[in-house]
Amino acid sequence: MKKVIIFSFCLALILSLFCGCKEEEIAPEVTSVEEDVEAFDVSSVKIDELPTEMLSEDLSNWDYFNLIAELPDENVRLYGLSANDDGTGVIFRKNDDLYYYNWAWFTTQAKLPEIAMIDVDGDKQKEIAISLYVDYNTNVSLEELHVIAFESGEPVDKCFSADLIEQQLFSKFDLRFETDEVKEEESSSSSSKSEESSTASMSWLIDHTSDLGKRIIFEQKADEVKEGKKAKKYFTYDATRMVRENGEYNGITAYKENVDYTLSAKNGISIKLKVAAAFKDSDKIKFICTISAPVTIENGEFKLGTLKYSNI
């Protein structure tokens, strides 16, 4: 019976996409977050009903409540519920106080959350950082960050949503697409050539224009460049071949769906994004680099530190 339940649960996950702190509108036919929260009464949960053994990777000890992350020294634990078919619903426990959140926590990858005590905002008081693996698919590998601080004895949850990540990312650089200019000797015909030769030369040029160098450039923000100076180039990707095979460059993509966090009590929180390029004449995308940065909270808002670019 347990195997049938697990199979049905995983099948439902494959058919659904979710993210606990996404800000996109939810379609009417999907059960609303508010209804889910109201439907589960966390006050009815008894402490002795909650498991003490971590959920295993093979799900052999799967149950209604599943222990998915813990900080035993802080008496902090996170339990995933199997109540909802879309893999959402967790109970956050601090000592013997229980709180329900409608976070996504389970995918077909069955990758458990990470948890750590970290001073995220520099106030000399440690917050509880939790990274949950919330979505997995072709070209998608998504973790979601929650930071819980206790204010007046009650937990306050902050989520680094996809929209906030995008806003912070594009505040750090300008993006430019650069194409080599046609050399003068290739773009004009010698006056001594015949009209037929000139026409053939121009035809060749048109057919081979896509072979000209094309580059995607991440560079210093224009308002940060001092007068008389050129913008610093942070990262350059040679897109010549991809443009030739897939049509003109059409911006970067996938970075909001390819997010990985590292939590460290010593080094804090860092984020790594996989960035892809899109093209006008193709649904195919090409991953071109990773961008990593420290994550902090300043004045109540998430902030990305200095970006580091790496080849893929």
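Now for a look at the structure at hand. Everything numeric in this text was worked out from a predicted model, so none of it was measured.

### Some words on empty space enclosed by the protein
In this structure the tally under the stated criterion is two cavities of 30 Å³ or more. By volume, the second largest cavity is sized at about 40 Å³. Forming the boundary of the second largest cavity are Lys111, Leu112, Pro113, Glu114, Ser131, Leu132, Tyr133 and Glu143. In terms of residue count, the dominant contributor to the lining of the second largest cavity is strand 6 (residues 127-137) (three residues). For the lining of the second largest cavity, a count of residues per class yields four nonpolar, one polar and three charged.

### Considerations on the nonpolar core
Ranked by size, the top nonpolar core spans 64 residues in total, and within it Phe218, Ile269 and Ile271 carry the most contacts. If you look at the next biggest cluster of nonpolar residues, it comprises eleven residues, including Val45, Phe65, Tyr79 and Leu98.

### Here's the deal with the sheet that holds strand 3 (residues 88-94)
Overall, antiparallel pairing links the four strands, which are arranged 1-2-3-4 in an open sheet. Of all strands in the sheet, those with a lone pairing partner are strand 1 (65-71) and strand 4 (97-104), marking the two edges. Adjacent strand axes in the sheet meet at a mean angle of 25°, parallel and antiparallel pairs treated alike. The pairing of strand 2 (residues 76-81) with strand 3 spans five bridges and is antiparallel. Bridge pairing links Arg77 to Arg93 in strand 3.

### A short note on the pattern of salt bridges
Applying the stated criterion to the full structure yields twelve salt bridges. Among the salt bridges present, the one from Lys256 reaches Asp163, with a minimum N-O distance of 3.6 Å. With Lys256 in the loop between strand 12 (249-253) and strand 13 (258-264) and Asp163 in helix 3 (residues 162-169), the pair connects residues that are 93 residues apart, well separated along the chain. With relative accessibility at 19%, the residue Lys256 sits in the buried group. Taking the relative accessible area as the measure of exposure, Asp163 reaches 28% and is therefore partly exposed. A salt bridge links Glu178 to Arg176, with the shortest nitrogen-to-oxygen separation between them at 3.0 Å. Residue class for Arg176 comes out partly exposed when judged on its relative accessible area of 28%. Sharing partners across several salt bridges, the network here consists of Arg176, Glu178, Asp180, Arg215 and Glu219.

Parameters at a glance
Residues numbered from 1 in each chain as written. Predicted model: local features only at pLDDT ≥ 70, side-chain atom pairs only at ≥ 80, totals over all residues. Heavy atoms only, no water. 1 Å grid on protein atoms, 1.4 Å probe; cavity = no way out; pocket = protein on both sides within 12 Å on 5 of 7 lines; lining within 4 Å. Points joined across faces, edges and corners; volume = space filled by probe spheres on them. Helix = DSSP H or I, 4+ residues; strand = E, 2+ residues; numbered from the N terminus. Nonpolar A, V, L, I, M, F, W, Y, C, P; charged D, E, K, R; others polar. Core = buried A, V, L, I, M, F, W, Y, C linked by side-chain atoms within 4.5 Å. Buried < 20%, exposed > 50% of the residue type's maximum accessible area, 1.4 Å probe, protein only. Pairing = 2+ DSSP bridges. Axes fitted to C-alpha atoms, helices over the stretch in contact; angles between N-to-C directions. Salt bridge = Lys/Arg side-chain N within 4 Å of Asp/Glu carboxyl O.

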